Amino acid sequence: MLVAEKNALTEEIEQLVEKYGKDRSALLEILHEIQKKHRSIPDFAQQEVARLLEIHPVEVYSVISFYTFLNTEPKGRNLVRICQTISCDMKNKQAVVNAVERELGVKIGETTRDRKFTVEYTNCMGLCDQGPAMAVNERVYMKLTPEKAVEILNEVK
Amino acid sequence: MVENLRETRQGEVLFTDYTRGESVKKALSMERQDVLFEIKDSKLKGRGGAGFPTSTKWMLTAAAKSEEKYVVCNADEGEPGTFKDRVLLWEYPDLVFDGMIIAGYVIGAKEGILYLRGEYEYMLPSLEAYLEELRKDNLLGENICGKEGFNYDIRIHLGHGAYVCGEETALIESLEGHRGEARNRPPFPVTTGFNKKPTVVNNVETLAAVTRIVEKGGEWYKTHGTDKSTGSKLLSVSGDCEKPGVYELPWGTTISELLEKVGAKNTKAVQVGGASGVCLNKAQFDRTLGYEDVGTGGSVIIFDESRDMLKVLKNFMEFFVEESCGQCIPCRVGNTKLLEGVEMIEKGEFTFGYINKLKDLGKSMQVSSKCGLGQSSPNSFLTILENFKDEILNYANGGRNGK
Ligand SMILES: Cc1cc2nc3c(=O)[nH]c(=O)nc-3n(C[C@H](O)[C@H](O)[C@H](O)COP(=O)(O)O)c2cc1C
Ligand code: SF4
Ligand code: FES
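Note that the structure is predicted; figures quoted are calculated from it, not measured.

## What about the overall build of chain A?
Working step 1: For chain A, the count of helices and strands is 7 helices and 4 strands.
Working step 2: Listing the helices and strands of chain A from first to last along the sequence gives α-α-α-α-β-α-α-β-β-β-α.
Working step 3: Dimensions of chain A, computed from C-alpha atoms along their principal axes, come out at roughly 50 × 30 × 25 Å.
Working step 4: Counting over 157 residues, chain A shows a buried share of 55%.
Working step 5: Partitioning the intrachain contacts of chain A with sequence separation of at least 6 by distance along the chain shows that 62% fall at a separation of at least 24.
Working step 6: Here chain A has roughly 7700 Å² of accessible surface; of this, 48% comes from carbon and sulfur atoms.
Working step 7: Taking the average place of the 22 positive charges on the side chains of chain A and the average place of its 24 negative ones, the gap between the two points comes to 5 Å.

Printed below as a string of C-alpha cells:
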C-alpha cells in the first residue's frame, strides 16, 4: 500500500472512530463502513482500527473472521449472493446459478477477471416466498429466472 | 423491491388497522404495573421460537435494580423459511416500534436497539426515516408525549450475516462488538444483558403483539387462539403451494387447514419451525400449531410428492455445518457427523448400526450443546429419518421409491 493510501485510510478510520466512538461496541459499525466502502478490510485498516480503539489487532481479525459479511481478502466491486437454502433450492435456484456462472465465466466463490463481480452462495435471506432470491450488494432481487438474473447483472455498473 | 401488501392483508390481531402512537399514549396514561398486568393477563408468549412468557421477562427486568436498562428487538430472522419479521418491519413498523417504546416505559429503559439482520440492510433507509418521524411526533425523545421523565430513543444495529446471532446472548455479544458466540445462561439477559445491564430481548412479532394487547386489552387477546396458546401467529409459508406468503392465523389451526388455505396439493411433508424444527408426514397433518402441540417460530415449508426428503435433509445439515459458531464440540463436530451420515445414505454406503449411532449422537447434541442452535439442529435429522423411514431406507437398497 502506498504511503498516501495509508494516510487516507488512517484519516478515514479516525473519522469513523469520531462518529461511532472509541467504545468496543463501536467496532462492528466501524468495520461495516470500511467493508462497505472498500469491499474488504485490509491488514493495515485492521491495525489502525485496533490502535484507535486500543485493542489488540488479533481481536479485530477474530471478529472479522466470524462474520460472513466481513472479509480481509479483496473481492469484486459488486458482491452477488444467491440463496442456496431449501425454499429457493426448490424453486430451481440451480438454473439461476448455472446461468450466472456461464455468463460471467466464473464459478460460485470466484471473482471475475475484471474484478467487477464476486459470486457467492448465501443462506436464507428471508425471501423464501419469492424465490429464487439473489442480492447484489445491498439490493435484493426476487422470483428470478436465469434470464432475469443475467439481465440484472448486465445493468450493474 | 419488496412489495407492501398492508392494504390487502387479513388477520385478527396484527394484520388490522392501527394508528401509530395510540397504544404508547394509552400505556403512558397507565401505571407501569397495570401495563404489565394486561400483558400477563393476555398470556402472551415469545414469538421468536422459545415461547417464554413475555410478562415474566419484563417483570424480571423491571424489578432489576440498575440505572441503565435496554430493550432489544431481535430482527435477526435467519431461520430458513422465515420471513414474517421482514413483513412486520416493512409494512407494520408502527406496531413494532410502538411495542419497543412500551417495553422501554415498562422496564425503565432509556434506549432501545433494533438488531436488524445484515440481509435486511435494504430496509435501513425507510426504518431510519420512520424513527425520524417518531422523534418529530415526540414518540421518541425527551418527556415522551408529555410524560415527565420518560426519555427514550431507538437505534438500529446491523448484523453481519451470522444465523447464531439470533440467539439472544450471541446477539448481545455481537452488539458489544465481539464474535457472536453464545454465552452460558444463567445469568440471563434480564439481569445481565447488553453491557452487563438488565436487558429485555424480544422478537419483532412479540413486540407487535404487545402494541395490540395494550390497545385492546389482555382479555380481548385471549379470545383468539387456544387456552395455552393465546392470540395469533404469523406463519411464513413457502415451498410447494399456490399461495406462499405470510399468513396470520389463530393458534390451534391444524396443518391440514393451513395446507388447504395456501393451496398445497399432493403434499408429502411439512417442515414446521425451519431447519431447526420438525418434519411431519401425512399421518401427522391433523396436528395443531400451538405451544401444546407443534410449537413454532412460524416457518412452514411444504414439500409435495415429487420431493426427495434426503436432499431436503442434506440442505438443512449443510446449513447447520456452516452456521455452527464452533464454540462447543457437540454442535461443531456433531453436525458434521450428521451431514456425513446423510452423504453416506445418499451413496448407499452405510450400515443401519451406524445410522442408529448417529441418532443417538443427535439426541446427545440436544442435551449437551451450549446453545439452542446445537440443541435443535438434530431435530430435522431425527424426524426426517423417523417419519420418512421407508423413503430414506430405500436408498440403501438402491431404489428411490419415495422420489
Ligand atoms: C440459533 C438461534 C437463532 C435464533 N434466532 C432468532 C431470531 O432470528 N429472532 C428471534 O426473535 N429469536 C431468535 N432466537 C431466539 C432468541 O434466543 C430469543 O429466545 C428470542 O429473541 C426471545 O424473544 P421472544 O421471547 O419475544 O421470543 C434464536 C435462537 C437460537 C438458538
Ligand atoms: S451449540 Fe453450536 S452455535 Fe451454539 S455455542 Fe455450541 S457450537 Fe456455537
Ligand atoms: S430459502 Fe432462499 S430466501 Fe429463504
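From this point, the discussion proceeds with the structure in view.
## A closer look at the overall build of chain B
Working step 1: Within chain B, the regular secondary structure consists of 16 helices and 9 strands.
Working step 2: Taken over the C-alpha trace, chain B has a radius of gyration of 22 Å; the compact-globule value for 403 residues is 22 Å, and the two agree within 12%.
Working step 3: Taken along the three principal axes of its C-alpha coordinates, chain B extends 75 × 40 × 40 Å.
Working step 4: Across the 403 residues in chain B, those meeting the buried criterion constitute 60%.

## Some points on the site of ligand 1
All names here are of chain B.
Working step 1: Taken together, 18 residues are adjacent to ligand 1, and G48, E168, N202, N203 and T206 come closest.
Working step 2: N74 is positioned such that a nitrogen or oxygen atom in its side chain is 3.0 Å from an oxygen atom of ligand 1.
Working step 3: Note that an oxygen atom of ligand 1 is positioned 2.8 Å from one of the side-chain N or O atoms of N202.
Working step 4: In the complex, the protein chains occlude 88% of the 610 Å² of accessible area that ligand 1 would expose alone.
Working step 5: Mapped onto the shell around ligand 1, the elements with two or more residues apiece are β4 (199–203) and α14 (372–376).
Working step 6: A class-by-class count of the residues in the shell around ligand 1 yields 3 nonpolar, 9 polar and 6 charged.

## Here's the deal with the interface of chain A and chain B
Working step 1: Every contact between the two is made by 35 residues of chain A and, on the other side, 50 residues of chain B.
Working step 2: Considering only the surface of chain A that becomes buried against chain B, F66(A), I86(A) and M90(A) emerge as the three largest contributors, covering 19% of it.
Working step 3: Where chain A packs against chain B, one counts 2 salt bridges.
Working step 4: A salt bridge links E121(B) to K36(A); the nearest nitrogen and oxygen atoms lie 2.7 Å apart.
Working step 5: Along the contact surface separating chain A from chain B lie 23 residue pairs in polar contact (both at pLDDT 80 or more).
Working step 6: Secondary-structure elements contributing two or more residues to the side of chain A that touches chain B are α2 (27–38), α4 (57–66), α5 (86–90) and β4 (139–141) of chain A.
Working step 7: Considering each element in turn, the side of chain A that touches chain B owes the most residues, 5 residues, to α2(A).
Working step 8: Residues belonging to the side of chain A that touches chain B are distributed by class as follows: 15 nonpolar, 11 polar and 9 charged.

## Concerning the environment of D137(B)
All names here are of chain B.
Working step 1: For D137, the location among the structural elements is in the loop between α6 (124–136) and β3 (153–158).
Working step 2: Under the relative-accessibility criterion, D137 is labelled partly exposed at 40%.
Working step 3: Taking C-alpha positions, D137 is 28 Å from Y221, a pair spaced 84 residues apart along the chain.

## A look at the site of ligand 2
All names here are of chain B.
Working step 1: Close contacts around ligand 2 come from V164, S324, C325, G326, Q327, C328, C331, S369, K370, C371, L373 and G374, and that covers them all.
Working step 2: The cavity where ligand 2 resides is the second largest cavity.
Working step 3: Residues of the shell around ligand 2, tallied by class, amount to 6 nonpolar, 5 polar and 1 charged.

## Quick notes on unusual backbone geometry
Working step 1: A cis amide bond, omega -5°, links R185(B) with the succeeding residue P186(B).
Working step 2: As for its position among the elements, P186(B) is in the loop between α7 (168–175) and β4.
Working step 3: Residue P187(B) is bonded to the preceding P186(B) through a cis peptide linkage, with omega at 0°.
Working step 4: Here P187(B) shows up in the loop between α7 and β4.
Working step 5: The backbone phi angle of R115(A) is positive, close to 65°, even though this residue is not glycine.

## Here we look at the nonpolar core
Working step 1: If you look at the biggest cluster of nonpolar residues, it comprises 74 residues, and the most contacted ones within it are V35(B), W58(B), F97(B), I102(B), L116(B) and Y152(B).
Working step 2: Per-element tally for this core: the top contributor is helix α5 (residues 93–107) of chain B, with 10 residues.
Working step 3: Ignoring anything within four residues of it in the chain, the contact list for L116(B) reads A75(B), L89(B), L124(B), L127(B), I156(B), H157(B), L158(B) and G159(B).
Working step 4: L16(A), V17(A), V49(A) and F381(B) belong to the second-largest nonpolar core, a separate cluster that totals 71 residues.

Rules and cut-offs
- Within every chain, residues take consecutive numbers counted from 1 along the sequence as written.
- Chains carry letters and ligands carry numbers; both start at the beginning, A for chains and 1 for ligands, and go up in the order they are written.
- The predicted nature of this model means local features are confined to residues of pLDDT at least 70 and side-chain atom pairs, given and counted, to a pLDDT of 80 or more, with totals for whole chains, interfaces and linings taken over all residues.
- Processing note: side-chain calculations cover all non-hydrogen atoms of the structure and skip hydrogens and water entirely.
- Every helix listed is a DSSP run of H or I at least four residues long, and every strand listed is a run of E at least two residues long, numbered separately from the N terminus.
- Under the scheme applied here, a residue whose accessible area is under 20% of the maximum for its type counts as buried, over 50% as exposed, and between as partly exposed, the area being computed with a 1.4 Å probe on protein chains only.
- The criterion used for residue contact is that any of the two residues' heavy atoms lie within 4.5 Å.
- Note on areas: Shrake-Rupley, 1.4 Å probe, and residue coverage restricted to the protein chains presented here.
- Charge convention: Lys and Arg are scored as positive, Asp and Glu as negative, and His as well as the terminal groups of each chain are ignored.
- The atom standing in for a charge is NZ when the residue is Lys, CZ when it is Arg, CG when it is Asp and CD when it is Glu.
- Radius of gyration here is computed from C-alpha atoms only, and the compact-globule reference equals 2.2 Å multiplied by the residue count raised to the power 0.38.
- Think of it this way: one heavy atom of a residue within 4 Å of a molecule or strand is enough to make that residue near it.
- N or O atoms within 3.5 Å of each other form a polar contact, as long as, within protein, one can give a hydrogen and the other can take it, and as long as residues adjacent in sequence are counted only when both atoms are side-chain atoms.
- Put simply, Ala, Val, Leu, Ile, Met, Phe, Trp, Tyr, Cys and Pro go in the nonpolar bin, Asp, Glu, Lys and Arg in the charged bin, and everything else, Gly too, in the polar bin.
- Here the quantity called buried area is the accessible surface, traced with a 1.4 Å probe, that two parts lose on coming together, added over both.
- When a carboxyl oxygen of Asp or Glu is within 4 Å of a side-chain nitrogen of Lys or Arg, the pair counts as a salt bridge.
- Here the term cavity refers to a set of points on a 1 Å grid, laid over the protein atoms alone, in which a 1.4 Å probe fits but cannot get out; the term pocket refers to an open set having protein on both sides within 12 Å along at least five of seven lines, with lining residues being those that place an atom within 4 Å of a point.
- For this analysis, a molecule is said to be in a pocket or cavity if more than half of its atoms are within 2 Å of the grid points defining it.
- What is meant by a nonpolar core is a set of buried Ala, Val, Leu, Ile, Met, Phe, Trp, Tyr and Cys residues, joined one to another through side-chain atoms within 4.5 Å.

The values reported here are purely geometric and, on their own, carry no functional implication.
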